[in-house]
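What follows is the residue order along each chain.
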Amino acid sequence: MREVELFFGPQHLGMVGNFSITLNVEGDKILKATANPGFLHRGFEKLMEYRTWMQNFPLVCRINVVEPDHMEMAYSMAVEKLAGIEVPERAQWMRSIYLELARVGSHLFGLWAYSNMLGFDTVAQWAMYHRDLILDLFEELTGGRVYHIYIWPGGVRRDFPKGFTDKIVETLHSIGKCVPDYNNTFFNNPLFYERTRGIGKVTREEAEKWGGVGQVLRATGKPFDIRKVEPYAVYDKVDFDIPTREDGDVYSRIMVIRDEMIESVHLIFKLIEGLPKGEVYNKVPNPFKWKIGEGESYVRVESSRGELGLYLVSDGGDKPYRVHFRTPSYSHGLTILEKVLEGANISDVGNIMISMYVVAPEIDR
Amino acid sequence: MNKKNLIDELKLTFADIQVNEDENGMIKIHAKKEQVKTILRYLKGNGYDHLALVSCVDWINKKEFELIYILTSYLNDNKSYQEKGDVYLKIRVTRGGPEVETVIGVFENAEPYEREIHELFGINFRGHPRLIPLFLEREYDVPPFRKDFDTRKYVEDFFNSIPVIPEEKT
C-alpha cells in the first residue's frame, strides 16, 4: 500500500483545539507522526518582559484558557519567592479551595472534549453544564467567568462573600448527584470500554523517560503529584489520596481523571471545614514602582494536567527579565504524543491526544 | 544519594565546576559547556531522572547566553524529595556564534526544548536530529527572544507603519 502524508488539524472534526499533527499513513495505520504547533503562538513570555510585575496577570491567565487559576498561582508563588512576601494563613486555605474548584472545572471541560470527540454528545452537554455551574461560582467571587485574576502576590484579591462556602457545597452536591448518571452512560458503557482499552499505551519507564507528568504518569501506577511532593498552599495540612491506575492506556488515563474529580470534591469539603479566620492579603508595594531584587526562582504547582513550572528571573528592575513556563502539555504533546501515535490507527488520534490532555495554547504560549 | 553527599561527590568527580547550595535548598552547578552531557548523565545515574525544563536567558550586558537545565526526581513523597532537592545546571555561551552539544542522548524530552531555544535565541545544538522551526512562521534577522530584537522596528518594517490611534474628541 502507498504511503500518504496526511495533515490532521488544526481544522478537523477529531481535533479539539488549534493543534496540528502531520501523519505519514499507510492505509489507516500511522507510520510516523510529527507534531506541528505554533497556531497560537503569541509570544507571551516576550511580552511579559515589557510589563511590570502586576501588569502581567492578564497575560498569565491567557496561557491556558481552560484553567487560568493554576497559572496565576504559579506566577504569584514565583513573585512571592523572589520578593520574599508572606501570605496569610486564611489566604492559603482560600487559594487551595479556589484551585481545587478550578481543577474540577477543568476536568469537566476535559470530559466535555473527550466525550464529544468520542460521540457521546449527551455526556458532553452534561459536563459543559456542570462546568458552567462552577463558572457561576467564579463569577460571583471575582466578576469574571473564565479569567479570574483572583490570586495575586501577598494573598487573594478579596474575601469570600457571605454564604459563599455554603454555595460551593450546594453546587458540588448538585453535581455529585449526577455521578451515577455519568457512570451509567459513559464510564461503564461498553462502547467507551471497547474504544479505549489497550489504546495509546505508555509504560511507566517510557513515561519517565519522555518527561511525562500528571495523568500520563499516574495512569501507569506512579502516584507522582506535586501537591504531595512539594506541597504549596495548604496541601500538606489536609489528607487526600492520589488516584492511580495500572495499565497506562487511554482507559486508565480517563478513569484517573474521573477519580481525581471526585477526590477534589472531597478535598474541597475538608478545606471548607478547616478554613480559619483572619486576613486575606498582605499589602504589596505600589505596583507601578515595585522593583524586585536580583534573583531567580523556579516554582512548581500541580495543574489539572500535571506539573506546571515557572522559571522567573529578575535583574533588579520593575519588570521580569525572563519568564519561562514549563507546561505539562509541552512534553505530552511534542514528545510522548509523537512516539505513541506511531503504529496507532487514524481513528484513535483524537482519542489518544485528548486522553493525554494536550492543550494547544499551553504548548505555544 | 542525598544533597550533601552529591555536592561533595560532584566536587570530587568534576574538576573545574562550581557547586553550591542556595538559601532555598537548590543545588546550583556552574559548568563549562563541554561538560553538560557528562554532568547530566552523572546526575541521571544518581537519581535526578526528571528533566523539568531547559531554559535560556540572554544576558546582553555580559555578552553571554545562560542555559539552565532544571533537574528534579520522580519521587512520590515530600520527605525523600527534601533530602534530594532540585539541581540547576548552568552553562554560559558567548553571544557570537553560540553552539552547544545536544543532550537528547541523555534526556529524550530535551528535544522540543532545544528546538525552541534554537528558534527563539539562535543557539545551535550540535547533533540535534531536527532543528526545524517549532512555533514561528517566518525567518527573522535577529532571533525574536534575544534582548536586542527591536519589536517596534520589526512591526514598522513588517506592516510598513504602526496604525495610529485617533485621539478622542472632547
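Here's a quick rundown of the structure. (Residues numbered from 1 in each chain as written. Chains lettered and ligands numbered in written order. Predicted model: local features only at pLDDT ≥ 70, side-chain atom pairs only at ≥ 80, totals over all residues.)

Secondary structure assignment for chain A yields 15 helices and 8 strands. Classification of the 365 residues of chain A by burial places 50% in the buried group. (Helix = DSSP H or I, 4+ residues; strand = E, 2+ residues; numbered from the N terminus. Buried ≥ 20, exposed ≤ 12 C-beta atoms within 10 Å, placed from the backbone.)

A few words now on the packing of helix H5 (residues 121-142) of chain A against helix H6 (residues 164-176) of chain A. When two helices pack together, their arrangement is given by the angle between the helix axes and the distance between those axes. All names here are of chain A. The geometry of H5 relative to H6 is characterised by a closest axis approach of 10 Å and an angle of 175 degrees between their N-to-C directions. One way to sum up the angle between H5 and H6 is to call them roughly antiparallel. Residues His-130, Leu-133, Ile-134, Leu-137 and Leu-141 of H5 form the contact with H6, whose participating residues are Phe-164, Lys-167, Ile-168, Thr-171 and Ile-175. Taken together, the residues that form the contact of H5 with H6 break down as 7 nonpolar, 2 polar and 1 charged. (Axes fitted to C-alpha atoms, helices over the stretch in contact; angles between N-to-C directions. Parallel < 35°, antiparallel > 145°, perpendicular 65-115°, else oblique. Contact = placed C-beta atoms within 7 Å. Nonpolar A, V, L, I, M, F, W, Y, C, P; charged D, E, K, R; others polar.)

Residue and element names in this part refer to chain A. An order of E1-E2-E3 is seen for the 3 strands of this open sheet, with the pairing classed as antiparallel. With partners counted over all chains shown, the strands left at the sheet margins are strand E1 (3-8) and strand E3 (29-36), one partner each. On average, each strand axis in the sheet is tilted by 20 degrees relative to the strand beside it, whichever way the strands run. Taken together, the 7 bridges between strand E2 (residues 20-26) and E3 define a ladder with antiparallel strand orientation. Across the sheet, the residue bridging to Leu-23 is Ala-33, located in E3. (Pairing = 2+ DSSP bridges.)

Moving on: the sheet that holds strand E5 (residues 87-94) of chain B. Residues and elements named next belong to chain B. With respect to topology, 5 strands assemble into an open sheet ordered E1-E2-E5-E4-E3, the strand pairing being mixed. At either margin of the open sheet sits one strand with a lone partner, and together these are strand E1 (18-21) and strand E3 (50-59). Between one strand axis and the next, the sheet turns through 20 degrees on average, direction left out of account. In the sheet, strand E2 (residues 27-31) pairs with E5 via 5 bridges, with the strands oriented parallel. Residue Ile-29 lies in a different strand from E5, and its bridge partner there is Leu-89. Across the sheet, helix H2 (residues 36-45) lies against E2, strand E4 (64-72) and E5, angled at about 175 degrees from E5, the strand it touches most. Running over the sheet, helix H4 (residues 110-121) touches E3 and E4 and is turned about 10 degrees from E3.

So, on to the pairing of strand E7 (residues 306-314) of chain A. Residues and elements named next belong to chain A. Among the 9 residues in E7, 9 count as buried, and that is most of the element. Looking at chain direction, E7 and strand E8 (residues 322-326) are connected through 5 bridges and run antiparallel. Bridge assignment links Tyr-311 to a residue of E8, and that residue is His-324.

With 24 residues of chain B at the interface, the matching set in chain A holds 26 residues. At the level of secondary structure, the elements contributing two or more residues to the side of chain B that touches chain A comprise E3, E4, helix H3 (78-84) and H4 of chain B. In terms of residue count, the dominant contributor to the side of chain B that touches chain A is E3 of chain B (6 residues). Among the residues forming the side of chain B that touches chain A, the class breakdown is 15 nonpolar, 5 polar and 4 charged.

This brings us to the packing of helix H4 (residues 89-118) of chain A against helix H12 (residues 250-274) of chain A. Residues and elements named next belong to chain A. Relative to each other, H4 and H12 sit at 155 degrees, their axes nearing to 9 Å. In terms of axis orientation, H4 runs roughly antiparallel to H12. Regarding H4 and H12, the two cross each other, and that crossing is left-handed. Of H12, the residues touching H4 (which contributes Trp-93, Ser-96, Ile-97, Glu-100, Leu-101, Arg-103, Val-104, His-107, Gly-110 and Tyr-114) are Ile-254, Ile-257, Glu-260, Met-261, Ser-264, Val-265, Leu-267, Ile-268, Leu-271, Ile-272 and Gly-274. For the contact of H4 with H12, the class distribution of residues is 13 nonpolar, 5 polar and 3 charged. (Left-handed = near helix turned anticlockwise from the far one by under 90°.)

Phi angles above zero are rare outside glycine, and Tyr-357 of chain A is one such case at about 65 degrees. In this fold, Tyr-357 of chain A is placed in the loop between helix H14 (349-355) and helix H15 (360-364).

Turning to the nonpolar core, a few remarks are in order. Counting residues in each nonpolar core, the largest one holds 143 residues, and the members touching the most others are Ala-74 and Ala-78 of chain A together with Tyr-69 and Leu-71 of chain B. Top element by residues in this core is H4 of chain A. It accounts for 16 residues. Leave out the neighbours within four places in its chain, and Ala-78 of chain A touches Ser-297, Val-299, Leu-310 and Leu-312 of chain A. (Core = buried A, V, L, I, M, F, W, Y, C linked by C-beta atoms within 7 Å.)

Locating Thr-335 of chain A in the fold gives a position in helix H13 (residues 328-341). We classify Thr-335 of chain A as buried; it has 21 C-beta atoms within 10 Å. Through-space distance from the C-alpha of Thr-335 of chain A to that of Ala-35 of chain A is 8.4 Å; in sequence the pair is 300 residues apart. Not counting chain neighbours up to four residues away, the residues in contact with Thr-335 of chain A comprise Trp-210 and Gly-211 of chain A together with Glu-108, Asn-109, Glu-111 and Pro-112 of chain B.

A rise of 1.5 Å per residue sets the reference length of H4 of chain B, with its 12 residues, at 16 Å; its end C-alpha atoms lie 16 Å apart and thus fit the reference within 8%. The element H4 of chain B is largely enclosed, with a buried count of 12 among its 12 residues. Residues of H4 of chain B that are buried: Ala-110, Glu-111, Pro-112, Tyr-113, Glu-114, Arg-115, Glu-116, Ile-117, His-118, Glu-119, Leu-120 and Phe-121 of chain B. Its buried side turned inward, H4 of chain B meets H13 of chain A together with E3, E4 and strand E7 (124-126) of chain B. (Expected span 1.5 Å × (residues − 1).)

Treat this as a map of the structure, not an account of what it does.
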